[in-house]
Amino acid sequence: MEFIILLLASFLTSSISAVLGMGGGVILLGIMAIIIPEGYMVIALHGIIQLVSNTTRTYVFRDHLKKDILTKFSFGALIGVLISVLVIIFLIQYYNVNSANEIKVEILKPLIGIFILWYLFFKKPKNKNNKDQSSFIYVGGISGISSIFIGATGPLIAPFFLKENLSKENIIANKAACQTVTHLTKIPLFIYFFNVNYVNEFNTLLPLILAVFLGTNFGKKILYFIPEKLFKKLFRLALLIIALRLIINYIIH
């Protein structure tokens, strides 16, 4: 029964992400956290599923990719991953544990929620004609550092795609491509530092991967019926809900 729930959740959340560009990964992470007891294993398996989901979304919307965004983000993400390796090594030494899977860093989640609220409501808008994408170097760096600890960094990087020169297809395609890079870089870290054996999880992962593939293609068909202005409003609303959830969940627990 639990596996069927995961299967349905993978399909539905990937559909949500294909329609809104985000949100599905966070929802799926929450459902997996309820079903799978080990926190590090949730993030590790979630990373593989989201890698496929984002790769599929990138391919489906490939005609809307912007090379400058992806290049700058990838450069920043690689730097971020190198920094996260140093952080993991430091934490292993600091907490005197044998493996990184014994370390929990929960404070990052409410901080991301606070950042999203700041970006949505308090950040001063830039010139609408400004098409400079250099900020994506920093976005990639932040995502590379935090992804290993929080799993779903979609809400963290999402606000930076709310630019006047990006259409709904641009947002979904480029955000998915950037998240693909992030998930690719963190998987080796889970294998080395967290002792995760993905081969042993193949029977669980394969049906979930198929579900997110089908969900992404289903979501794309729905997207075409959503007007551009409505999409941007839904995108912001999804961000707001996720931000509040991250903050409230931390306070409650």
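Residues numbered from 1 in each chain as written. Predicted model: local features only at pLDDT ≥ 70, side-chain atom pairs only at ≥ 80, totals over all residues. Heavy atoms only, no water.

A closer look at the overall build of the protein
Quick reminder of the rule: The helix and strand labels rest on DSSP assignments: H or I over at least four residues marks a helix, E over at least two residues marks a strand, and numbering proceeds from the N terminus. Radius of gyration means the value over C-alpha atoms here, while the globule rule gives 2.2 Å times the residue count to the 0.38 power. Buried residues are those whose accessible area, probed at 1.4 Å on protein chains only, stays under 20% of the maximum for their type, while exposed residues exceed 50% and partly exposed ones sit between those limits. Residue burial considers only the protein chains on display, and all accessible areas are found by Shrake-Rupley using a 1.4 Å probe. Positive charges come from Lys and Arg alone, negative charges from Asp and Glu alone, with His and the N- and C-terminal ends not counted. Working definition for charges: the position is that of NZ of Lys, CZ of Arg, CG of Asp or CD of Glu.
Looking only at helices and strands, the protein has 10 helices and 0 strands in total. For the protein, the α and β elements follow one another from N to C terminus as α-α-α-α-α-α-α-α-α-α. Here the C-alpha radius of gyration of the protein, 17 Å, is about what a compact globule of 253 residues would show, namely 18 Å. Here the protein, with 253 residues, has 52% of them falling under the buried criterion. Looking at the protein as shown, the accessible area adds up to about 13,000 Å², and 68% of this sits on carbon and sulfur atoms. Charge separation in the protein, taken as the distance between the mean sites of 23 positive and 11 negative side-chain charges, equals 11 Å.

Thoughts on the packing of helix α1 (residues 2-20) against helix α9 (residues 202-223)
Formally: Here an angle of 0 to 180 degrees is reported between the N-to-C directions of two axes, which are lines fitted to C-alpha atoms, with helices fitted over the stretch in contact. Left-handed describes a crossing whose near helix is turned anticlockwise from the far helix through less than a right angle; right-handed describes the clockwise counterpart.
The interhelical angle for the contact between α1 and α9, taken along N-to-C directions, is 35 degrees, at an axis separation of 7 Å. In this structure, α1 crosses over α9, and the sense of that crossing is right-handed.

Overview of the packing of helix α8 (residues 168-193) against helix α10 (residues 228-252)
Packed helices, taken two at a time, are described by the angle between their axes plus the distance between the axes. Put simply, the test is: Any angle between 65 and 115 degrees counts as roughly perpendicular, while under 35 counts as roughly parallel, over 145 as roughly antiparallel, and the rest as oblique. In this description, contact between two residues means that some pair of their heavy atoms is separated by no more than 4.5 Å.
As a packed pair, α8 and α10 sit with axes 9 Å apart at the nearest point and diverge in direction by 45 degrees. With respect to α10, the element α8 is oriented oblique. Contact with α8, carried on its side by Lys-168, Glu-169, Ile-171, Ile-172 and Lys-175, involves Glu-228, Phe-231, Lys-232 and Phe-235 of α10 and no other residues of that element.

Looking at the packing of aromatic side chains
Under the convention used in this document: Aromatic pairs are defined between Phe, Tyr and Trp rings, using the six-membered ring for Trp, whenever the two ring centres lie within 6.5 Å; interplanar angles under 30 degrees are classed as stacked, those over 60 as edge-to-face, and all others as tilted. We count a charge as sitting over a ring when the NZ of a lysine or the CZ of an arginine lies within 6 Å of the ring centre and within 35 degrees of the ring normal.
All chains considered together, the criterion is met by 7 aromatic pairs. Centroid distance Phe-190 to Phe-194: 4.7 Å. Interplanar angle 45 degrees. Geometry classified as tilted. Each member of the pair, Phe-190 as well as Phe-194, carries the same accessibility label: buried. The rings of Phe-90, Tyr-94 and Tyr-95 are connected pair by pair, giving a single aromatic cluster. The lysine or arginine in question, Arg-62, covers the ring of Tyr-59, its NZ or CZ lying 4.1 Å from the ring centre.

Things to note about α1
Quick reminder: α-helices carry 3.6 residues per turn. Residues three or four places apart thus point the same way. Keep this limit in mind: Here a helix's expected span is defined as the number of its residues, less one, multiplied by 1.5 Å.
Here α1 spans 26 Å end to end across 19 residues, near enough to the 27 Å set by a 1.5 Å rise per residue. Leu-6, Ala-9, Ser-10, Thr-13, Ser-14, Ser-15, Ser-17, Ala-18, Val-19 and Leu-20 are the residues of α1 that are buried. Directly beyond the C-terminal end of α1, a positive phi value near 85 degrees is found at Gly-21.

Points about the side chain of Thr-180
The criterion, for reference: Any pair of N or O atoms that falls within 3.5 Å is considered a polar contact. Within protein, one atom must be able to donate a hydrogen and the other to accept it, and sequence-neighbouring residues count only if both atoms are side-chain atoms.
By secondary structure assignment, the location of Thr-180 is in helix α8. Using a relative accessible area of 11% as the deciding quantity, one classes Thr-180 as buried. Only 3.4 Å separates the side chain of Thr-180 from the backbone nitrogen of Thr-55, close enough to count as a polar contact. When neighbours within four sequence positions are excluded, Thr-180 is seen to be in contact with Leu-51, Asn-54, Thr-55 and Thr-58.

A look at the confidence of the model for the protein
Note the cut-off: A residue's pLDDT is simply how confident the predictor is in it, with values from 0 to 100.
Across the protein, the average pLDDT comes to 84, with 91% of residues at 70 or higher. Within the protein, the element-level pLDDT minimum falls on helix α2 (residues 24-35), averaging 77, and the maximum on helix α4 (residues 67-95), averaging 92.

Topic: helix α6 (residues 135-150)
Rules: The angle between axes fitted to the seven-residue stretch ending at a residue and the seven-residue stretch beginning at it gives the bend at that residue.
Across its 16 residues, α6 extends 22 Å between first and last C-alpha, which sits within 8% of the 22 Å expected from 1.5 Å per residue. Maximal helix bending in α6 amounts to about 30 degrees, located at Gly-144. With 12 of its 16 residues buried, α6 lies for the most part within the structure. Taken residue by residue, α6 has Ser-135, Phe-136, Val-139, Gly-140, Gly-141, Ser-143, Gly-144, Ser-146, Ser-147, Ile-148, Phe-149 and Ile-150 as its buried positions.

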